[in-house]
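# Understanding the architecture of this molecule
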Amino acid sequence: MLYTIQDIIAGVKKGDFLFLSKVISHIENQEAGTASFITGLTPNDVQVIGLTGPPGAGKSTLIASLVGEMVNEQKRVAVLSVDPSSVIHEGALLGDRIRMREWYLHPSVYIRSLATRGHLGGLIKSIDQMVLLLKSAGFDYIILETVGVGQSEVQVAKIAYPTILVLVPEAGDEIQMMKSGLFEVANIYVVNKSDRPAAQKFANHLKLSLADRAGDGKKTSLLQTTANTKEGVLELLNVIKQYS
Ligand SMILES: Nc1nc2c(ncn2[C@@H]2O[C@H](COP(=O)(O)OP(=O)(O)OP(=O)(O)O)[C@@H](O)[C@H]2O)c(=O)[nH]1
Ligand SMILES: [Mg+2]
């Protein structure tokens, strides 16, 4: 490994993420020396926030707005976007670039997209290591975005607290969603795109299903947001803090 954690911390404080990006690439490729470098880190107690949900629910837009609230509070934020279903294609990258464009060059915000290259187990291991690295590198929040509804998200939920399930009013097939493991593992349920007419009704439905589950003793929260206008986003950040 060519860089020390001191190089990385110094770089992060200056908003120079070059070292960090190089080490993350080392981890992604599981290059020689990765494991011993990670073992030598001293991670801080940094809140890891997971956002997951169906494609197009507005996760990236919501993250961009959340990051805005965090930066307003003088925080440093790292965002890892994980798409386990595919190798990163230009379209996906471009979409995220547009959604989070105001943050790509911001000195307090580090954004990185990852793909599996076909092997989910490897990705999970790499994410674990990247999170340890980011926890050691002077960030105040780490945000993980995962796409889809499946095993990988359930895995990611194990390293994040809270895990936020982002849904949209037209998600419709609620039953399907509730059967998925994801519904069980989430802590915060967000009905995004609440500018749409069906949002209130959908949120009410969701509230009832969560009440049914109240017996399992797990604290859950339900919020409505409109990610692109930032409506409900500061409230979401305040609820996130309750889970730290
Ligand atoms: N009307 C409305 N549109 C929204 C809202 N939030 C996001 N969008 C739009 O929904 C589309 C998808 O948003 P993304 O943030 O890319 O969604 P995503 O969940 O990150 O998508 P993937 O990463 O591809 O799964 C974009 O065109 C956003 O502008 C919202 O609250 N209301
Ligand atoms: Mg996205």
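From a predicted model like this one, the values you see are computed outputs, not experimental measurements. (Residues numbered from 1 in each chain as written. Chains lettered and ligands numbered in written order. Predicted model: local features only at pLDDT ≥ 70, side-chain atom pairs only at ≥ 80, totals over all residues.)

Another aspect to go through is the overall build of the chain. When helices and strands are counted, the chain shows 12 helices and 7 strands. Put simply, of all contacts in the chain between residues at least 6 apart along the chain, 75% involve residues at least 24 apart. (Helix = DSSP H or I, 4+ residues; strand = E, 2+ residues; numbered from the N terminus. Contact = placed C-beta atoms within 7 Å.)

Before going further, it helps to spend a moment on the site of ligand 1. In the region of ligand 1, 16 residues are neighbours, and G58, K59, S60, T61 and A227 sit closest. Elements represented by at least two residues in the shell around ligand 1 include exactly α4 (59–72) and α5 (90–99). Taken together, the residues of the shell around ligand 1 break down into 4 nonpolar, 8 polar and 4 charged. (Near = placed C-beta within 6 Å. Nonpolar A, V, L, I, M, F, W, Y, C, P; charged D, E, K, R; others polar.)

Predicted confidence across the chain gives a mean pLDDT of 85, with 82% of residues reaching 70 or more. No element of the chain has a lower mean pLDDT than helix α9 (residues 174–179), at 55, and none a higher one than helix α12 (residues 233–241), at 98. (pLDDT = per-residue confidence, 0-100.)

Closest axis-to-axis distance for the helix α1 (residues 5–14)/helix α2 (residues 18–28) pair is 7 Å, and the angle between their directions is 130°. For the element pair α1 / α2, the angle class is oblique. Residues D7, I8, G11 and V12 of α1 form the contact with α2, whose participating residues are L18, F19, L20 and V23. By residue class, the composition of the contact of α1 with α2 is 6 nonpolar, 1 polar and 1 charged. (Axes fitted to C-alpha atoms, helices over the stretch in contact; angles between N-to-C directions. Parallel < 35°, antiparallel > 145°, perpendicular 65-115°, else oblique.)

Looking now at unusual backbone geometry. For the bond from Y161 to P162, the omega torsion is 5°, close enough to zero to count as cis. If you check the backbone angles, Q74 has positive phi at about 60° while not being a glycine. Following the sequence through the fold, Q74 ends up in the loop between α4 and β2 (77–83). By C-beta crowding, Q74 is classed as exposed, having 8 other C-beta atoms within 10 Å. With phi around 70°, K230 is a residue other than glycine that occupies positive phi space. (Buried ≥ 20, exposed ≤ 12 C-beta atoms within 10 Å, placed from the backbone.)

With 14 residues, α4 ought to run about 20 Å at 1.5 Å a step, and its terminal C-alpha atoms sit 20 Å apart, in line with that. Counting buried residues along α4, 10 of its 14 residues qualify, which places the element largely inside the surrounding structure. Of all the residues in α4, the buried ones are K59, S60, T61, L62, I63, A64, S65, L66, V67 and M70. Directly beyond the C-terminal end of α4, a positive phi value near 60° is found at Q74. (Expected span 1.5 Å × (residues − 1).)

The subject of this paragraph is the packing of α4 against α12. For any two helices packed against each other, the geometry is given by the interaxial angle and the distance between the axes. Where α4 contacts α12, the axes come no closer than 9 Å and their chain directions differ by 70°. Judged on the interaxial angle alone, α12 and α4 are roughly perpendicular. Where α4 approaches α12, its residues S65, L66, E69 and M70 are matched on the opposing element by V233, L234, L236 and L237. Residue composition of the contact of α4 with α12, by class: 6 nonpolar, 1 polar and 1 charged.

For the rest of this paragraph, the subject is the nonpolar core. In this structure, I63, V77, I142, I143 and V190 are the most contacted members of the largest nonpolar core, which totals 61 residues. Once you skip the residues sitting within four places of it in the chain, I63 turns out to touch L51, V79, M100, I143 and E145. (Core = buried A, V, L, I, M, F, W, Y, C linked by C-beta atoms within 7 Å.)

On to helix α11 (residues 199–212), then. For α11, spanning 14 residues, the distance from its first C-alpha to its last is 20 Å, which sits close to the expected 20 Å at 1.5 Å a residue. All of the buried residues along α11 are A199, F202 and L206. Viewed along the axis of α11, the buried residues span an arc of 65°, placing them on a single side of the element. Exposed residues pointing more than 90 degrees away from the buried face of α11 are listed as K201, N204, L208, A211 and D212. Looking at the buried side of α11, the elements it contacts are β6 (188–191) and β7 (221–224). (Arc of directions from axis to C-beta.)

Within the fold, M70 resides in helix α4. Judged by the 20 C-beta atoms lying within 10 Å of it, M70 falls in the buried class. Along the backbone, M70 and S108 are 38 residues apart, and their C-alpha atoms lie at a distance of 9.7 Å. What M70 contacts, discounting residues up to four positions off in sequence, is K75, V77, Y141 and L237.

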